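Residue-level listing of the chains:
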2 protein chains.
Amino acid sequence: MVDRGEQKQKTRHLLISSALKLSAEKGFASLSLREVAKAAGITPAAFYRHFHDIDELGLALIDEVGLGLRQLLREARRSIDPNRSVVRSSVEAFISYITENSNLFRVLQGERQGASTAFRRALFTELGRFIEEVTEDLEKESIRKNQPLLDVGLAAEAIVAVTFTVGAEALDLPKHKRPELSERIVKEIKMILRGALAMPETTRASKISTPKKIKGKASR
Amino acid sequence: MVDRGEQKQKTRHLLISSALKLSAEKGFASLSLREVAKAAGITPAAFYRHFHDIDELGLALIDEVGLGLRQLLREARRSIDPNRSVVRSSVEAFISYITENSNLFRVLQGERQGASTAFRRALFTELGRFIEEVTEDLEKESIRKNQPLLDVGLAAEAIVAVTFTVGAEALDLPKHKRPELSERIVKEIKMILRGALAMPETTRASKISTPKKIKGKASR
DNA sequence: AATTTCAGTATACACTCGTATACTGAAACG
DNA sequence: CGTTTCAGTATACGAGTGTATACTGAAATT
């Protein structure tokens, strides 16, 4: 005698994870209800006990993706090694996460321009949340280091854009080439952060005259 | 009496543009040979006179996309108004281009993570070319203004990533909100450029990286 | 003018698709 | 208990799929 709701939940999740796997291989848009059902080991008709549509499953899938993303960020925060650059350890956490959850990430990236507007909107919302969290992190860091940043939100947006775009390449790369990719991302992020630094006096003009020494703290 | 090869070329192009239109609506991955053929006004079987596969048509489509991109860049260069920022006019050219050729752009973005490896590889090649052209532009500007830049290639990569990622949002935005989007992109690009500036002497000091444990404040 | 070439048509095939309908059998419930 | 609920099955349908095969008719070649 097995619990009923529990069993249903289990099947539901099986459907989602099957869809995730298949989506990563051939794109969510080209999935058929039947093949998802088959992959989950149930009859096509039984599918309707869980979702009344493939698109409804899609939305559930996006929730899953969003959850994964937020976990990733938390993980990255947690694993910060004070001896290493925050940026570097975050990026490395990100890369290792997306290569381990490549299905999740492929769907996230692939469906960004895909299918329905509702679909896209849901994804954008998730991404927006992600950017927001990065923004908060940046603000905290900025205060902690006493290095004021301008347009933190924009910086976060740019950082996320770069990380996701360039990071996506990792999925097609042999493992040994990934560190090089990480390095590239790290450099680009630091570039953005440098550009976001509010520099006393000289901020507005992009031509740098002679920036004054930054704050008293010796940086070494 | 009509020229034969010419007529064939015409039909071929009709197939491609039909596929483009349909792809933008529902994603290339979910296209069927039959509906593309029907949209182009020919019989399914006649499709095989032009491509022996839907994926082969896909590759042709990517060529088209790449061509469009390079045209865009050339256009952006041409329309530079010395009274306005190069960045701003380029970004605006880009936004107006992708909203006018939204089909092309949707496919480009959507298929980046899509389908086959061959497909993706072809797209990356096109994007690589694009980044390369931006790199060259940056180098020229850098010399013209006598403002040396560091890691120009990386800066170009970041700029393209940001422009494409954020720019993609324009497609779902009502026209009157697009200038605001452009503004955001412009700011982020300038941020990157500022970060790429090789600053005399003080460069190191303002870097945000934390190569070693910072001995800073006794914050505990 | 006779012949060849070939883009496109017509038809037919075996599949897969989404979905509707009637069912089964065990967990949940009164 | 017996009854109800309901996740999952079995089957069947019409519609769309990719592709093979034989064809047509006009442009191109000889």
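A brief look at the structure comes next. Each chain has its residues counted from 1, following the order in which its sequence is written. For naming, the first written chain is A and the first written ligand is 1, with later ones following in the order written. Only residues with pLDDT of at least 70 get local features here, since the model is predicted, and only at 80 or more are side-chain atom pairs given and counted; chain-wide, interface and lining totals rely on the full set of residues. With hydrogens and water excluded, all non-hydrogen atoms of the structure serve as input to the side-chain values.

## Some points on the packing of helix 4 (residues 54-78) of chain B against helix 6 (residues 102-110) of chain B
Residues and elements named next belong to chain B. Interhelical geometry of helix 4 versus helix 6 gives an angle of 115° and a closest axis separation of 10 Å. Considering their axes alone, helix 4 and helix 6 lie roughly perpendicular with respect to each other. Relative to helix 6, the crossing made by helix 4 is left-handed. Residues Leu61, Glu64, Val65, Gly68 and Leu69 of helix 4 form the contact with helix 6, whose participating residues are Leu104, Val107 and Leu108. Each residue receives one of three labels: charged for Asp, Glu, Lys and Arg, nonpolar for Ala, Val, Leu, Ile, Met, Phe, Trp, Tyr, Cys and Pro, and polar for the others, Gly being one of them. Grouping the constituent residues of the contact of helix 4 with helix 6 by class yields 6 nonpolar, 1 polar and 1 charged. Between N-to-C directions, angles span 0 to 180 degrees; the directions come from axes that are lines fitted to C-alpha atoms, helices contributing only their stretch in contact. Every helix listed is a DSSP run of H or I at least four residues long, and every strand listed is a run of E at least two residues long, numbered separately from the N terminus. For classification purposes, angles smaller than 35 degrees are called roughly parallel, those larger than 145 roughly antiparallel, those between 65 and 115 roughly perpendicular, and all remaining angles oblique. Less than a right angle of anticlockwise turn of the near helix away from the far helix marks a crossing as left-handed, whereas a clockwise turn marks it as right-handed. Whether two residues are in contact is decided by their heavy atoms, any of which lying within 4.5 Å being enough.

## Examining the protein's contact with DNA strand C
Around DNA strand C there are 20 residues in total, and Leu33 and Arg34 of chain A together with Arg4, Thr11 and His50 of chain B lie nearest to it. When atoms of DNA strand C within 4 Å of the protein are sorted by moiety, sugar and phosphate together comprise 56%. Polar contact is defined as a pair of N or O atoms within 3.5 Å, subject to the rule that within protein one atom must be able to donate a hydrogen and the other to accept it, and that residues adjacent in sequence are counted only when both atoms are side-chain atoms. Between DNA strand C and Ser32 of chain A, the relevant distance is 2.7 Å, taken from a phosphate oxygen to a side-chain nitrogen or oxygen of the residue. Lys8 of chain B is positioned with one of its side-chain polar atoms (N or O) 3.4 Å from a phosphate oxygen of DNA strand C. Elements represented by at least two residues in the surface near DNA strand C include exactly helix 2 (33-40) and helix 3 (44-47) of chain A together with helix 1 (4-26) and helix 3 (44-47) of chain B. Throughout this document, a residue counts as near a molecule or strand when at least one of its heavy atoms sits within 4 Å of that molecule or strand.

## Details of the environment of Arg12 of chain A
Residues and elements named next belong to chain A. For Arg12, the location among the structural elements is in helix 1 (residues 4-26). Accessible area is worked out with a 1.4 Å probe on protein chains only. A residue is then buried under 20% of its type maximum, exposed over 50%, and partly exposed in between. The partly exposed category is assigned to Arg12, whose relative accessible area is 30%. With 164 residues separating them along the chain, Arg12 and His176 place their C-alpha atoms 37 Å apart. Once residues within four sequence positions are removed from consideration, Arg12 is found in contact with His50, Phe51 and Ala60.

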